[in-house]
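Commentary on secondary and tertiary structure
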Amino acid sequence: MEDEKRERLLVVGGGVVIGVIAALLVYLGNPGNMGFCIACFMRDTAGALGLHSAKAVQYVRPEVIGLILGGMAMALYRKEFSPKGGSAPVTRFALGFFAMIGALMFLGCPFRMILRLAGGDLNAIFGIVGFVAGILCGVFFLNRGYSLARTHKLGGAEGYVMPAIVVTLLVLLVAAPEFIHFTEAGEGPGAKHAVIAVSLAAGLVVGAIAQRTRLCMVGGIRDMVLFRQSRLLEGFVAVFAAALVTNLVLNAVMGGGYFKLGFAEQPVAHTDGLWNALGTFLLGYACVLLGGCPLRQTILSGEGNSDSAITILGLAAGAAFAHNFGLASSGKGPTAAGMVAVVVGILVVTLIAVVNSSSAKSGK
Amino acid sequence: MGLATYVATFFSHFGAIKTRGLLREAGIDATLMPVPRALSSSCGTCLRYQARSAAPLGQDQMGEVEQIAEERDGAYAIVWGAEE
């Protein structure tokens, strides 16, 4: 019981620290309500590498690098670094791809969904409704035998590939920025960022905490539905509460700009409730079949999990497609192509769920 | 030999559900729950049960089981692991 209490305190305490850091990153230069957003940051990084040409969203986000390296450092410290993978990699790539299509319809991952709400953006409520509905759909298939093939232990070097990739990105950003595309100042959210060292440090701290606490928005809701256990969810409630309080304090001290209650004119957001909900429906649906939200996948890739690393690559490919083919929403709202992509995504994810459920596999 | 408490982790959520049914058929009551953090950094579904041995099922019924740990005073000791 003592251990359980300590674990709960750790999750809530970790959530508070993460919420404060996320809100402060906006004060230090990040776009509004975007202290952290795995989807947006993967999208910006894909753009920086020239994988898409949307000039408004191009920057190698050091926070993602920090998350992976922070997760790896904590896993090594706790002797939990364990290279493993081999569980339906192409299917995971596809699920990651469509999770990103859903996230860019809504304009944020589950982490940013909470941060948007903490900044007063009520559009996030539609996001939460869709996200929970998507998770419930995924849980339906989990209870009917959905499973991707088992993971296997892999050679030691495999687990260090994703950390090596992000270290290379960091070296490029610091030492050879001429090889990277950058959003020009004033040209979009990609130009808004804290200084590299601060972003990296924030990512390292949050990555270490997220590894230790296993924070996962999808896991939190899934555990609540399946086991009535609220521990992981409490972590995200703590993130929300801490970010909200920090935003309100910043708003009071700075005379506005950090909290605005309402639907209209929110930073990097649109007001189409139906498509906000459908976007996060696809996101939640895909993520529960993957076994975790984008933040969790990022941390697991730092722990040596190749399946999560493949998922991250799927997220990046989804971001590149979303911007190359006009699927991503903007502040003006969703695009017609984006709506088609979300519907296709829901159908594809359902197909993946059906063919990987035990009744389909056994032919019953 | 008395009863000991074991926690089994699985390759999938459904594996845990299926194994709970097999344990019940063998007269062992098992509880589905999230994997304890002290046992693993992975989050998934596990089964907690009391039995005389860690693996009360036949080898052919253990395909979904990833590992089994004995729980004692809140600590876990791995006593069985699936072959690679």
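Thoughts on the overall build of chain A
When helices and strands are tallied, chain A shows 15 helices and two strands. In terms of overall size, chain A behaves like a compact globule, its C-alpha atoms giving a radius of gyration of 19 Å where 364 residues would be expected to give roughly 21 Å. Overall, the C-alpha framework of chain A stretches about 60 × 45 × 45 Å when taken along its three principal axes. With 364 residues in all, chain A has 57% of them scored as buried. Considering only residue pairs separated by 6 or more positions, chain A has 82% of its internal contacts joining residues 24 or more positions apart.

Focus on the overall build of chain B
Looking only at helices and strands, one finds one helix and five strands in chain B. Walking chain B from its N terminus toward its C terminus, one meets helices and strands in the order β-α-β-β-β-β. For chain B, whose C-alpha radius of gyration is 12 Å, the value lies close to the compact-globule estimate of 12 Å for 84 residues. Out of the 84 residues belonging to chain B, those deemed buried represent 33%. Here the analysis covers contacts within chain B between residues at least 6 apart in sequence; of these, 61% occur between residues at least 24 apart.

As for the interface of chain A and chain B
In this assembly, 21 residues from chain A lie in contact with 15 residues from chain B. Contributions of two or more residues to the side of chain A that touches chain B are made by helix H1 (2-27), strand S2 (152-153) and helix H9 (217-227) of chain A. Grouping the constituent residues of the side of chain A that touches chain B by class yields five nonpolar, eight polar and eight charged.

Quick notes on the environment of Glu234 of chain A
All names here are of chain A. Here Glu234 shows up in helix H10 (residues 231-254). Here Glu234 falls in the partly exposed class, since 16 other C-beta atoms lie within 10 Å of it. Spatially, the C-alpha atom of Glu234 lies 25 Å from that of Gly96, the residues being 138 residues apart in sequence. For Glu234, the residues in contact, after removing those within four places along its chain, are Arg8, Val11 and Val12.

Let's talk about the confidence of the model for chain B
In the predicted model, chain B carries a mean pLDDT of 89, and 99% of its residues have values of at least 70. Our summary of model confidence lists the complex with pTM equal to 0.95 and ipTM equal to 0.90.

Here we look at the packing of helix H3 (residues 62-77) of chain A against helix H8 (residues 196-213) of chain A
Residues and elements named next belong to chain A. With their axes 6 Å apart at the nearest point, H3 and H8 run at an angle of 40 degrees to one another. The angle between H3 and H8 places the two elements in the oblique class. Every pair of crossing elements has a handedness; the one defined by H3 and H8 is right-handed. Per-class residue counts for the contact of H3 with H8 are 18 nonpolar, seven polar and two charged.

As for H3 of chain A
Within an α-helix, residues lying three or four positions from one another point in the same direction, as the helix has 3.6 residues per turn. Look at H3 of chain A: 22 Å from first C-alpha to last across 16 residues, which is about the 22 Å you get at 1.5 Å a residue. Counting buried residues along H3 of chain A, 13 of its 16 residues qualify, which places the element largely inside the surrounding structure.

A look at the sheet that holds strand S4 (residues 65-72) of chain B
Pairing between sheet strands relies on hydrogen bonds along the backbone, with the strands arranged either parallel or antiparallel. Residues and elements named next belong to chain B. With antiparallel pairing, five strands are arranged side by side in an open sheet as S2-S3-S1-S4-S5. Strands at the two margins of the open sheet, each flanked by one partner only, are strand S2 (30-34) and strand S5 (75-81). Within this sheet the neighbouring strands show an average axis-to-axis angle of 30 degrees, counted without direction. Where strand S1 (residues 4-10) meets S4, six bridges bridge the pair, whose relative direction is antiparallel. Looking at the pairing, Thr5 lines up with Glu71 of S4. Each of S1, S2, strand S3 (45-51) and S4 is contacted by helix H1 (residues 13-25), which is oriented at about 20 degrees to S3, the strand it contacts most.

Cut-offs applied
Residues numbered from 1 in each chain as written. Chains lettered and ligands numbered in written order. Predicted model: local features only at pLDDT ≥ 70, side-chain atom pairs only at ≥ 80, totals over all residues. Helix = DSSP H or I, 4+ residues; strand = E, 2+ residues; numbered from the N terminus. Rg over C-alpha atoms; globule rule 2.2 N^0.38 Å. Buried ≥ 20, exposed ≤ 12 C-beta atoms within 10 Å, placed from the backbone. Contact = placed C-beta atoms within 7 Å. Nonpolar A, V, L, I, M, F, W, Y, C, P; charged D, E, K, R; others polar. pLDDT = per-residue confidence, 0-100. Axes fitted to C-alpha atoms, helices over the stretch in contact; angles between N-to-C directions. Parallel < 35°, antiparallel > 145°, perpendicular 65-115°, else oblique. Left-handed = near helix turned anticlockwise from the far one by under 90°. Expected span 1.5 Å × (residues − 1). Pairing = 2+ DSSP bridges.

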